[in-house]
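A look at the structure
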Amino acid sequence: MVICEHYRFVEPARGARPPRDLTFKFYADGRLEIIDNDTGGFLTPRDLKGASYDFYVRQRIAMIKRDLRAKMQKYA
């Protein structure tokens, strides 16, 4: 069984750049999928800018912290 956390993030419009509607899938094994809901295409973390990159970093850190806490409880 593969554990996956899904998040939807709608980036606010900035200047001439339209807002982006993204789905983030964080897998327990460390894999990541970022889907642009408007085009159906896949993105990499390098394609992210501004608020969407900040969201990605915060979620990744939170996932790592949860994983570490679970391992500490398991082996303590």
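Up top is the structure.
Everything in this summary refers to the structure shown in the same document. (Residues numbered from 1 in each chain as written. Predicted model: local features only at pLDDT ≥ 70, side-chain atom pairs only at ≥ 80, totals over all residues. Heavy atoms only, no water.)

Glancing now at the environment of Ile-3. Examined against the element boundaries, Ile-3 turns out to sit in the segment before strand 1 (4–10). We classify Ile-3 as exposed; its relative accessible area is 51%. With residues up to four places along the chain from it excluded, the contact list for Ile-3 reads Phe-26, Tyr-27 and Ala-28. (Helix = DSSP H or I, 4+ residues; strand = E, 2+ residues; numbered from the N terminus. Buried < 20%, exposed > 50% of the residue type's maximum accessible area, 1.4 Å probe, protein only. Contact = heavy atoms within 4.5 Å.)

Under the criterion given, the structure shown has 7 aromatic pairs. An angle of 45 degrees between the planes, with centres 6.0 Å apart, marks the rings of Tyr-53 and Tyr-56 as tilted. Taken together, the positions of Tyr-53 and Tyr-56, both in helix 1 (residues 50–75) and 3 residues apart, correspond to about one turn of that helix. Note on Tyr-56: relative accessible area 13%, which makes it buried. An aromatic cluster of three or more residues is present, and its members are Tyr-7, Phe-9, Phe-24, Phe-26, Tyr-53, Phe-55 and Tyr-56. For Arg-31, the ring lying beneath its charged end belongs to Tyr-27, and the centroid distance is 4.1 Å. (Phe/Tyr/Trp six-rings, centres within 6.5 Å; stacked < 30°, edge-to-face > 60°. Lys NZ or Arg CZ within 6 Å of the ring centre and 35° of its normal.)

Counting 10 residues, the largest nonpolar core consists of Phe-9, Leu-22, Phe-24, Phe-26, Ile-34, Leu-43, Leu-48, Phe-55, Tyr-56 and Met-63. Listed by contribution, the elements that provide at least two residues to this core are strand 2 (21–27) and helix 1. Ignoring sequence-local partners within four residues, the contact set of Leu-48 consists of Arg-20, Leu-22, Phe-24, Ile-34, Leu-43, Tyr-53 and Tyr-56. (Core = buried A, V, L, I, M, F, W, Y, C linked by side-chain atoms within 4.5 Å.)

This next bit is on the side chain of Ser-52. Residue position: Ser-52 is located in helix 1. Given the relative accessible area of 0%, Ser-52 is considered buried. Polar contacts involving the side chain of Ser-52 include one to the side chain of Glu-11, which spans 2.9 Å. Setting aside residues up to four positions removed in sequence, Ser-52 forms contacts with Phe-9, Glu-11, Arg-20, Leu-22 and Phe-24. (Polar contact = N/O pair within 3.5 Å; in protein donor to acceptor, adjacent residues only side chain to side chain.)

Remember, this is a structural readout, not a statement about activity or role.
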